[in-house]
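Examining the three-dimensional arrangement
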Amino acid sequence: MRAMKTPGKQVVLVRHGETEWSHNGRHTGRTDIPLLDSGREMGRLLGAPLKAWRFDAVYTSPLSRAADTCALAGYGDLAQPREDLMEWDYGDYEGRTSAEIRAERPDWTLWKNGVPNGETAAQVATRVDSVISDALRTDGDVLIFAHGHLLRVLAARWLGLPPWEGRLFLLSTASISVLGHDGDRRRPAIVSWNDTTHLRA
């Protein structure tokens, strides 16, 4: 069920639309893969549900799959590109599926083992902590267009969890998730997560 706007600051997270690599389950970090036609349609479908908010700031990853999703949803003119919202640098595992990696390392997970010649979870956390800090200094709601693993780390850090606990928050392409606070507006909370109902309209 889609979350309605509730009192207090909210940070709305949008994962980009579908690409060839996201469709095939390939790790897509810094490779600038374009949206598929289906991903572009997903971007357009995001426009209507996002009208529930009035955003004081819009941030986007500069990678085209996120920036184009942002533009298709109607926020391209408002968006501030941020290098710190780029996806996890997967190093030697860029473009590979988890199944391919586990054929060589059967017990491998990104969250537990990381990637050779890429970023650590702690490095990704440092980047998203900066985004969260800026969002909290903004008077009103903030909209963020970015990437699956990056946004999962961001959610964990919003809740005060270590970055590897992003493993708990599965995230679909073109989904909407909302971060906020509980009733007294002091403790960070998840208002809604991984909403894709707009894609089934």
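On a predicted model such as this, the values are computed, not experimentally measured, just so you know. (Residues numbered from 1 in each chain as written. Predicted model: local features only at pLDDT ≥ 70, side-chain atom pairs only at ≥ 80, totals over all residues. Heavy atoms only, no water.)

1. Regarding the pattern of salt bridges
- Enumeration according to the criterion identifies ten salt bridges in this entry.
- In this structure, D134 engages R137 in a salt bridge whose closest nitrogen and oxygen atoms are separated by 2.3 Å. Of the two residues, D134 and R137 both sit in helix α7 (residues 121-137), three residues apart, roughly one turn of that helix.
- Residue classification places D134 among the partly exposed positions, given a relative accessible area of 22%.
- On the basis of relative accessibility, which here comes to 58%, the residue R137 falls in the exposed class.
- What emerges from the salt-bridge pattern is a single network uniting R82, D84, D134 and R137. (Salt bridge = Lys/Arg side-chain N within 4 Å of Asp/Glu carboxyl O. Helix = DSSP H or I, 4+ residues; strand = E, 2+ residues; numbered from the N terminus. Buried < 20%, exposed > 50% of the residue type's maximum accessible area, 1.4 Å probe, protein only.)

2. Things to note about the layout of surface pockets
- Quantified by volume, the largest pocket comes out at close to 320 Å³.
- The wall of the largest pocket is formed by 18 residues, among which R15, R26, Y90, G148 and H149 lie closest to the centre.
- Among the elements that take part in the lining of the largest pocket, helix α8 (residues 148-158) stands out by supplying three residues, more than any other.
- Its residues assigned to classes, the lining of the largest pocket shows four nonpolar, nine polar and five charged. (1 Å grid on protein atoms, 1.4 Å probe; cavity = no way out; pocket = protein on both sides within 12 Å on 5 of 7 lines; lining within 4 Å. Points joined across faces, edges and corners; volume = space filled by probe spheres on them. Nonpolar A, V, L, I, M, F, W, Y, C, P; charged D, E, K, R; others polar.)

Everything listed here is a matter of geometry and, on its own, says nothing about what the molecule does.
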